[in-house]
Amino acid sequence: MTDHRAAAADAAALIRDLAGATGDPLKAYASPADITAVTESLGELARHLKTALDQLAQHIERRDDWADADPAQRRRHAQRAGGKVRFAGAQAKNTAEALDLAVEALGRLRPAP
C-alpha cells in the first residue's frame with residue numbers, strides 16, 4: 001500500500017523546491033519554452049491535485065472511526081471537513097483552467113530572436 005503521507009510530503013517538497021529555484025525573475029528560466037513547459041506542468045499538477053482532493057473528501061466523509069464520541073458530531077465534522085476539501089478541489093480545478101489559458105496565451109507569443 002502506498003504511504004500517502006510520504007507521497008504528499010514529497011510532492012510538497014518538490015513544489016517548495018521549484019518555488020525556491022524560480023524566485024529570481026532574471027535567472028530562473030533559460031527560455032520562453034521553459035516557462036511554457038513549467039506552466040503546462042503546473043496545470044497538470046493542479047488537475048491531479050483536484051483528483052486527489054476529491055478522493056480525500058470521499059474518504060473523510062465515508063469513514064466512521066473518527067475519535068469524537070458522539071456519532072452525530074462525528075458525521076457533522078466529517079461532512080464539514082469533506083466540504084472544505086471539496087472546495088479546495090474546486091479551486092484546484094480553477095487553477096488548472098487558468099493555467100491552460102496561460103499556456104494558450106504563451107503559445108501566441110513568439111520568442112525573441
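The structure under discussion appears in the preceding block.
Below or above, wherever it landed, is the structure these notes cover. Fair warning: this is a prediction, and the values are worked out from it, not measured in the lab.

All right, on to the pattern of salt bridges then. Overall, the coordinates contain six salt bridges when judged by the stated rule. With its nearest N and O atoms 2.3 Å apart, the salt bridge here joins lysine 50 to aspartate 54. Residue lysine 50 and its partner aspartate 54 are located together in helix α2 (residues 32–62), separated by four residues, close to a single helical turn. Glutamate 61 serves as the salt-bridge partner of arginine 86, at 2.9 Å between the closest nitrogen and oxygen. With arginine 86 in helix α3 (residues 71–108) and glutamate 61 in helix α2, the pair connects residues that are 25 residues apart, well separated along the chain. With a relative accessible area of 33%, arginine 86 lands in the partly exposed category. Here the salt bridges do not stand alone but share partners, grouping Glu44, Arg47 and Asp100 into one network.

The next subject is the packing of α2 against α3. Contact geometry for α2 and α3: axes closest at 8 Å, N-to-C directions at 165 degrees. As far as their axial angle goes, α3 and α2 are roughly antiparallel. Every pair of crossing elements has a handedness; the one defined by α2 and α3 is left-handed. Grouping the constituent residues of the contact of α2 with α3 by class yields 18 nonpolar, nine polar and eight charged.

Cut-offs and rules
Residues numbered from 1 in each chain as written. Predicted model: local features only at pLDDT ≥ 70, side-chain atom pairs only at ≥ 80, totals over all residues. Heavy atoms only, no water. Salt bridge = Lys/Arg side-chain N within 4 Å of Asp/Glu carboxyl O. Helix = DSSP H or I, 4+ residues; strand = E, 2+ residues; numbered from the N terminus. Buried < 20%, exposed > 50% of the residue type's maximum accessible area, 1.4 Å probe, protein only. Axes fitted to C-alpha atoms, helices over the stretch in contact; angles between N-to-C directions. Parallel < 35°, antiparallel > 145°, perpendicular 65-115°, else oblique. Left-handed = near helix turned anticlockwise from the far one by under 90°. Nonpolar A, V, L, I, M, F, W, Y, C, P; charged D, E, K, R; others polar.

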